[in-house]
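Analysis of the macromolecular model
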Protein chains: 2
Amino acid sequence: MNMTLVTKPHDRLAAALSTEMAEVDLLIRTRMHSDHAPRIPEITAHLVSAGGKRLRPMLTLAAAKLCGYQGEHHLGLAATVEFIHTATLLHDDVVDESEKRRGRPTANLLWDNKSSVLVGDYLFSRSFQLMVATGNLRVLEILANASATISEGEVLQMTAASDLKTDEDIYLQVVRGKTAALFSAATEVGGVIAGATPEAVAALFAYGDALGIAFQIADDLLDYQGDSGATGKNVGDDFRERKLTLPVIKAVAQADEAERAFWTRTIEKGQQQDGDLEQALALMAKYDTLAATRRDAEAWAAKAQQALTALPAHEIREMLHDLAGYVVSRLS
Amino acid sequence: MNMTLVTKPHDRLAAALSTEMAEVDLLIRTRMHSDHAPRIPEITAHLVSAGGKRLRPMLTLAAAKLCGYQGEHHLGLAATVEFIHTATLLHDDVVDESEKRRGRPTANLLWDNKSSVLVGDYLFSRSFQLMVATGNLRVLEILANASATISEGEVLQMTAASDLKTDEDIYLQVVRGKTAALFSAATEVGGVIAGATPEAVAALFAYGDALGIAFQIADDLLDYQGDSGATGKNVGDDFRERKLTLPVIKAVAQADEAERAFWTRTIEKGQQQDGDLEQALALMAKYDTLAATRRDAEAWAAKAQQALTALPAHEIREMLHDLAGYVVSRLS
């Protein structure tokens, strides 16, 4: 039996990069530490040390290795990327909690808000110190621009999420901010720090961008078709939270007058009642938008794989290829 | 009548730097703009465009001018410093509001929380892009370290503010994070971008650090002795919000057993009742801690003025000297 067929691409990447990932983990734990504010590691420990998938730092390490990098700065950049990701999660928590428990947060929840904001800022500042330590201005420029795209995307999502005027272009901007900007920055800085050619760097950017978009579209699709055991989410959470994602955007675009009134009531006005989720799913089925969304995700995954052809043949390149395929293989 | 005696030093600085400040204002308005998220300028406009004192960006411009800088990067750095300041204010709002209205924020308040977190992040990312544009790694290092000090200080304040074990050393760390770190970074990067000697850069750092500390101690003192018309705050706000500041820390350090029980009840446990503020003021009077606090502020202002003697004679240097004196002149 061929190992490449039975092991998930993510796990094969983790195995190929295990030495470097151990150093990144150590760096993360060290830099999280604060002499002045011992509370910080307490709060971040469960987020950063819990050993999540660590997909983003792995992308940086993979890109650098694929481009033959021999130095050590890729470790700091991988930690940078994970810190930015974690800080974003912390700030998202504040935003999401405010929405979900509108009007009655508990005292404990508020304490968490304080911690989330300030410790998120602390992680941003730590990531900033780590990237400055590379001494590479191009790397700093890429990460500064990614940060701006991420925060613009978050603000855009705040206003666009429940607005029926949100079309596929705006959705794509939100997705780039939410997911793809950090993926593409992660792969791009790996190439830049390795001194790769402009063509290779552009290919790494294109791979990360397309992979991130495929990843987020898949996530949004699974919200409507996943089984809650596998995803940890309930089917229709995005509908209940009035978040316009691609399957609904495609249905809204084709809606007749009565259907449009339904989407206006449930998403824009948030007046939901029993049976609405079933009705939403029926409208998505009527226009076959789940299948169309899956095709979009697959097209982005194919685009990611296509970008890799500009890079040198390497076992890591094959793993990145398989990773893009795996992201959408969950969908069918 | 001598103009230098009747005009506030801050206004004289603003007049001497008016051309550059106009360019900084323009830069701030331009960089605040977001094509993707038009909501951003709405939210920040009242903060950034309202034409506050702009003390921090003025310090950067002043330092660069004092060191004979002829380029344009000081403008971007001044805008950077103002963006960091504004982002910090936005994130502080989230933190302070959660405390003040514990348990019952309004929906409007929550919307503000979301906006405050995300738009604060946006301003941080914009400031990051502006500083990268200088192409000066030492500047980036200074601002990265200042960011870390600021966010560590905020987290430290969160845990230390109502803890009677907080002594003058911890208070100073909090003050550096809250105020002095951005003052000293503002003056230091002005010197660095101007290519000043290491001695001059160190003097600018020392000036900003001491000025920031004097400024914050003065602010904390005015909370107990100011008239609310001038400061916009009510006497004793810090006491009601259970914030340990220098006048109280000095009283706690000399407290007998009964007094310590009073501070434990009112600050640590937050069980306040009518007459407590008067009792707190009486204890501060008993140990004359308001006068001792004023002497501390004056000593830091003198230290700031002393630091300036290492810098070239210049009308700007005189204004910075007078500014340090002015910060504490409000106290007597």
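Sequence positions are assigned chain by chain, starting from 1 and proceeding in written order. As a convention, the first chain written is A and the first ligand written is 1, with the rest following in written order. At least 70 in pLDDT is required for a residue's local features to be given in this predicted model, at least 80 for side-chain atom pairs to be given and counted, and no such filter applies to totals for whole chains, interfaces and linings, which use all residues. Hydrogens are left out, water is left out, and the side-chain values use all remaining heavy atoms of the structure.

Within an unreviewed UniProt entry, the label attached to chain A reads Polyprenyl synthetase family protein, and the organism entered is Pseudodonghicola flavimaris. UniProt positions are given in the numbering used here, feature names are shortened, and annotations may be inferred rather than shown by experiment. Regarding chain A, the UniProt comment filed under Cofactor (unreviewed entry) reads as follows: "Mg(2+)". The record in UniProt for chain A states the following under Sequence similarities (unreviewed entry): "Belongs to the FPP/GGPP synthase family."

Side note on the packing of aromatic side chains
Residue and element names in this part refer to chain A. Note on aromatic pairs: the rings of Phe, Tyr and Trp (six-membered ring only in Trp) are paired at centre separations within 6.5 Å, and the planes decide the class, stacked below 30 degrees, edge-to-face beyond 60, tilted for the rest. Counted under the stated rule, the structure contains 9 aromatic pairs over all chains. When the centroid spacing of 5.4 Å and the interplanar angle of 45 degrees are considered together, the rings of phenylalanine 183 and phenylalanine 215 count as tilted. Of this pair, phenylalanine 183 sits in helix α9 (residues 168-193) while phenylalanine 215 sits in helix α10 (residues 198-225), and the two are 32 residues apart along the sequence. The pair formed by phenylalanine 183 and phenylalanine 215 is uniform in burial state, with each residue classed as buried. Helical segments are the DSSP runs of H or I of at least four residues, strand segments are the runs of E of at least two, and each set is numbered from the N terminus. The cut-offs for exposure are 20% and 50% of the maximum accessible area for each residue type, with area from a 1.4 Å probe on protein chains only; residues under the lower value are buried, those over the upper are exposed, and the others partly exposed.

Some thoughts on unusual backbone geometry
Residues and elements named next belong to chain A. Phi is positive for arginine 242, which is not a glycine, with a value near 60 degrees. Tracing the sequence through the fold places arginine 242 in the loop between α12 (237-240) and α13 (246-253). Using a relative accessible area of 23% as the deciding quantity, one classes arginine 242 as partly exposed. Although it is not a glycine, aspartate 288 sits at a positive phi angle of roughly 55 degrees. Tracing the sequence through the fold places aspartate 288 in the loop between α15 (276-286) and α16 (289-308).

Concerning helix α17 (residues 315-329) of chain B
Residues and elements named next belong to chain B. One less than the residue count of a helix, multiplied by 1.5 Å, gives the span that helix is expected to have. The first and last C-alpha atoms of α17 sit 21 Å apart over 15 residues, in line with the 21 Å expected at 1.5 Å per residue. When α17 is considered as a whole, its buried residues turn out to be Ile316, Arg317, Met319, Leu320, Leu323, Ala324, Val327 and Val328. Elements in contact with the buried residues of α17: α2 (9-16), α5 (55-66), α10 (198-225) and α16 (289-308). Contacts are assigned to residue pairs that have any heavy atoms within 4.5 Å of one another.

A word on the pattern of salt bridges
All names here are of chain B. Definition used for salt bridges: Asp or Glu carboxyl oxygen within 4 Å of a side-chain nitrogen of Lys or Arg. All chains considered together, the criterion is met by 32 salt bridges over all chains. In this structure, arginine 12 and aspartate 322 form a salt bridge, with 2.8 Å as the shortest nitrogen-oxygen distance. Remark: aspartate 322 occurs in helix α17 and arginine 12 occurs in helix α2; sequence separation between them is 310 residues. A relative accessible area of 13% means that arginine 12 is categorised as buried. In this structure, glutamate 188 and arginine 138 form a salt bridge, with 3.4 Å as the shortest nitrogen-oxygen distance. Residue glutamate 188 is located in helix α9 (residues 168-193), and its partner arginine 138 is located in helix α8 (residues 137-160); the two are separated by 50 residues in the primary sequence. For glutamate 188, a relative accessible area of 10% translates into the label buried.

Considerations on the environment of A:Val175
Residues and elements named next belong to chain A. Within the secondary structure layout, valine 175 lies in helix α9. On a C-alpha basis, the gap between valine 175 and phenylalanine 215 in space is 9.5 Å, while along the polypeptide they are 40 residues apart. Discounting residues that sit within four places of it in the chain, valine 175 has contacts with Ala180, Ile213 and Gln216.

Side note on the side chain of B:Thr266
All names here are of chain B. As for its position among the elements, threonine 266 is in helix α14 (residues 257-268). Here threonine 266 falls in the buried class, since its relative accessible area comes to 0%. Excluding residues that lie within four positions of it along the chain, threonine 266 makes contacts with Phe239, Arg242, Gln271, Gln272 and Asp276.

Describing the confidence of the model for chain A
Detail in the predicted coordinates should be disregarded across regions flagged by low pLDDT. Residue and element names in this part refer to chain A. Within a predicted model, pLDDT stands for the predictor's per-residue confidence, ranging from 0 to 100. Predicted confidence across chain A gives a mean pLDDT of 88, with 87% of residues reaching 70 or more. Per-element confidence in chain A ranges from a low mean pLDDT of 52 for helix α1 (residues 3-6) to a high of 98 for α16. Residue range residues 98-108 is modelled with pLDDT below 50. Its contacts to residues more than four positions away, or to other chains, number 13 contacts.

Here we look at the packing of α9(B) against α10(B)
All names here are of chain B. Inter-axis angles, ranging from 0 to 180 degrees, are taken between N-to-C directions of lines fitted to C-alpha atoms, where helices are fitted over the stretch in contact. Two numbers describe how α9 lies on α10: the axes approach to 7 Å, and their chain directions differ by 145 degrees. At the point where α9 passes α10, the crossing takes the right-handed sense. Looking at the contact of α9 with α10 residue by residue, the classes come out as 14 nonpolar, 7 polar and 5 charged. Note on convention: the crossing is left-handed when the near helix lies turned anticlockwise from the far helix by less than a right angle, right-handed when the turn is clockwise. In this classification, the charged set is Asp, Glu, Lys and Arg, the nonpolar set is Ala, Val, Leu, Ile, Met, Phe, Trp, Tyr, Cys and Pro, and all remaining amino acids, among them Gly, are polar.

Re the nonpolar core
Buried residues of nine kinds, namely Ala, Val, Leu, Ile, Met, Phe, Trp, Tyr and Cys, make up a nonpolar core once their side-chain atoms join them within 4.5 Å. Among the nonpolar cores identified, the biggest contains 204 residues, and A:Tyr207, A:Trp263, B:Tyr207 and B:Trp263 are the most heavily contacted of them. Beyond its immediate chain neighbours, meaning those up to four positions away, A:Trp263 contacts A:Leu164, A:Phe239, A:Val248, A:Ala251, A:Val252, A:Ala255, A:Glu268, A:Ala280 and A:Leu283.

A look at the environment of B:Thr293
All names here are of chain B. By the secondary structure assignment, threonine 293 is in helix α16. For threonine 293, a relative accessible area of 0% corresponds to the buried category. With 73 residues separating them along the chain, threonine 293 and aspartate 220 place their C-alpha atoms 9.1 Å apart. Once residues lying within four places of it in the same chain are set aside, the contact partners of threonine 293 are Ile217, Leu221, Leu246, Pro247 and Lys250.

Structural notes on α16(A)
Residue and element names in this part refer to chain A. When the terminal C-alpha atoms of α16 are compared, their 29 Å separation across 20 residues agrees well with the 28 Å that a helix rising 1.5 Å per residue should span. Looking at α16, one finds that the buried residues are Thr289, Ala291, Ala292, Thr293, Ala297, Trp300, Ala301, Ala304, Gln305, Ala307 and Leu308. Buried-residue contacts for α16 involve α9, α10, α13, α15 and α17 (315-329).

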